[in-house]
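Secondary and tertiary structure notes
Given next are the chains, with one letter for each unit.
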Amino acid sequence: MIFLKTEDEIEQLRASNQLVGRTLAEVAKLIEPGVTTIQLDKVAEEFIRDNGAIPTFKGFKNHLGIPFTGSLCTSVNDEVVHGIPNDVPLKDGDIVSVDCGTLLNGFCGDSAYTFCVGEVDETVKQLLRITEASLLKGIETAVVGKRIGDIGYTIQQFCESESYGVVREFVGHGIGRDMHEDPQVPNYGRRGTGPLLKRGLCLSIEPMITQGKREIFMDKDGWTVKTVDGLPAAHFEHTIAVAAGKSEILSTFEYVEEVLRNKLK
Ligand code: MG
Ligand code: MG
């Protein structure tokens, strides 16, 4: 069942998603060789709770009933999504996808950004650029009158034209009072298919793009999704409210980008 949101509900979703954007920026400040993902997780959880919200990922049970132990999903290199924060230090040249979810005043935020750790290989940086660009192209497509399949079609065509792999098994989703609502938002698809996009539909769009083949497997921890060929994968996610002409991005990378710019100085 698809729930269309009122303007007031969209504002609530915006507040939750802006908090996610600010949390990702707190994490961005700390990302450097030597830091562990569990350190990042601790800072994120404190920041979320200090701002009156709950980290929605923590305790979230998967289909096997295994609760997620982190407040962030931290997926390093060949880990695609749902990596569990651990005490392994990040190394120079790694990439780490940080996915963050909040519940603020009963509404969910969900956004992810893939960061470089120190100096990253140019080919991997290009994977990150294309994945983020595909997200923005998907969002441009996600306007009133289009269909869910149009979003996936756009992301898939763009990424496959650059010879990257598009993960099929994990998808974006509707979002509202629940983190995962209908409809599913695949990153592949056929034009003109799937549910019609209407004003008030709020979606989390999250391309998961691989440098090599698109095949993935589940690690024995029951959560971490990895590429079969061991090549890196990138993941960027925004939550949007569908509108006519141009949809509104409720989450933000603005705070993250500010931190990254300051680091270069
Ligand atoms: Mg997410
Ligand atoms: Mg999501």
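My aim in this report is to walk through the structure given alongside it, one point at a time. Please read all numbers here as calculations on a predicted model, not as lab measurements. (Residues numbered from 1 in each chain as written. Chains lettered and ligands numbered in written order. Predicted model: local features only at pLDDT ≥ 70, side-chain atom pairs only at ≥ 80, totals over all residues. Heavy atoms only, no water.)

Points about the pairing of strand 8 (residues 181–185)
Bridge analysis of strand 7 (residues 172–174) against strand 8 gives three bridges, and the strand direction is antiparallel. Following the sheet pairing, Gly-174 is matched in strand 8 by Glu-181. What sits between the antiparallel neighbours strand 7 and strand 8 is a turn of six residues. (Pairing = 2+ DSSP bridges. Helix = DSSP H or I, 4+ residues; strand = E, 2+ residues; numbered from the N terminus.)

Description of the packing of helix 1 (residues 7–30) against helix 5 (residues 254–264)
Running from N to C, helix 1 and helix 5 cross one another at 20°; their axes reach a closest spacing of 7 Å. With respect to their mutual orientation, helix 1 and helix 5 come out roughly parallel. For the pair helix 1 and helix 5, the crossing hand works out as right-handed. Contacts from Gln-18, Gly-21, Arg-22, Leu-24, Ala-25, Ala-28 and Lys-29 of helix 1 reach helix 5 at Tyr-255, Val-256, Val-259, Leu-260 and Lys-263. The class makeup of the residues in the contact of helix 1 with helix 5 is seven nonpolar, two polar and three charged. (Axes fitted to C-alpha atoms, helices over the stretch in contact; angles between N-to-C directions. Parallel < 35°, antiparallel > 145°, perpendicular 65-115°, else oblique. Left-handed = near helix turned anticlockwise from the far one by under 90°. Contact = heavy atoms within 4.5 Å. Nonpolar A, V, L, I, M, F, W, Y, C, P; charged D, E, K, R; others polar.)

Remarks on the sheet that holds strand 6 (residues 165–166)
On the basis of which strands lie adjacent, the open sheet formed by three strands has the order 6-10-13 and antiparallel pairing. Lying at the two open borders of the sheet, with one neighbouring strand each, are strand 6 and strand 13 (233–235). Relative to strand 13, strand 10 (residues 208–210) runs antiparallel, the two sharing three bridges. The partner of Ile-209 across the bridge, within strand 13, is Ala-234. Docked against the sheet, helix 3 (residues 122–141) engages strand 10 and strand 13, running at close to 35° with respect to strand 13.

Focus on the coordination of the magnesium ion (ligand 1)
Looking at the magnesium ion (ligand 1), one finds its protein donor set to be Asp-99 (OD), Asp-99 (OD), Asp-110 (OD) and Glu-237 (OE), positioned 2.0 to 2.5 Å from the metal centre. Read in sequence order, the donor residues coordinating the magnesium ion (ligand 1) give the pattern D-x10-D-x126-E. Between the two metals, the magnesium ion (ligand 1) and the magnesium ion (ligand 2), the spacing is 3.1 Å, and Asp-110 donates to both. Placement of the pair is Asp-110 in strand 5 (residues 107–116) and Glu-237 in the loop between strand 13 and strand 14 (238–241), with a sequence separation of 127 residues. The burial state of Asp-110 is the same as that of Glu-237; both residues are buried. (Donors = N, O, S within 2.8 Å, 3.2 Å for Na, K, Ca; no water. Buried < 20%, exposed > 50% of the residue type's maximum accessible area, 1.4 Å probe, protein only.)

Focus: the side chain of Glu-132
As for its placement among the helices and strands, Glu-132 is situated in helix 3. For the buried Glu-132, which has no salt bridge, the nearest side chain bearing the opposite charge is Arg-129, at an N-O separation of 8.7 Å. Discounting residues that sit within four places of it in the chain, Glu-132 has contacts with Tyr-113, Phe-236, Phe-253 and Glu-257. (Lys, Arg positive; Asp, Glu negative; His and termini not counted. Salt bridge = Lys/Arg side-chain N within 4 Å of Asp/Glu carboxyl O.)

Regarding the packing of helix 1 against helix 2 (residues 37–50)
Helix 2 packs onto helix 1 with a crossing angle of 145° between their chain directions and a minimal axis gap of 9 Å. Judged by the sense of rotation from one axis to the other, the crossing of helix 1 with helix 2 is right-handed. Contacts between helix 1 and helix 2 involve Leu-19, Arg-22, Thr-23, Glu-26, Val-27 and Leu-30 from the former and Leu-40, Val-43, Ala-44, Phe-47 and Ile-48 from the latter. Partitioning the contact of helix 1 with helix 2 into residue classes produces eight nonpolar, one polar and two charged.

Comments concerning the side chain of Ser-204
Along the polypeptide, Ser-204 turns up in strand 9 (residues 202–205). Looking at Ser-204, its side chain comes within polar contact range of the side chain of Thr-239, at 2.9 Å. Setting aside residues up to four positions removed in sequence, Ser-204 forms contacts with Asp-110, Gly-172, His-173, Ile-175, Val-185, Glu-237, His-238 and Thr-239. (Polar contact = N/O pair within 3.5 Å; in protein donor to acceptor, adjacent residues only side chain to side chain.)

So, the coordination of the magnesium ion (ligand 2)
Looking at the metal site, the magnesium ion (ligand 2) is ligated by Asp-110 (OD), His-173 (NE2), Glu-206 (OE) and Glu-237 (OE), spaced 2.1 to 2.2 Å from it. Mapped onto the polypeptide sequence, the residues donating to the magnesium ion (ligand 2) form the spacing pattern D-x62-H-x32-E-x30-E.

A few points about unusual backbone geometry
For the peptide bond that leads from Asp-182 to Pro-183, omega is 0°, which places it in the cis range. Examined against the element boundaries, Pro-183 turns out to sit in strand 8. At Asn-77, a position not held by glycine, the phi torsion is positive, near 55°. Along the chain, the position of Asn-77 falls in the loop between strand 2 (72–76) and strand 3 (79–81). One non-glycine residue, His-82, lies in positive phi territory at about 65°. Position of His-82 relative to the elements: it lies in the loop between strand 3 and strand 4 (95–104).

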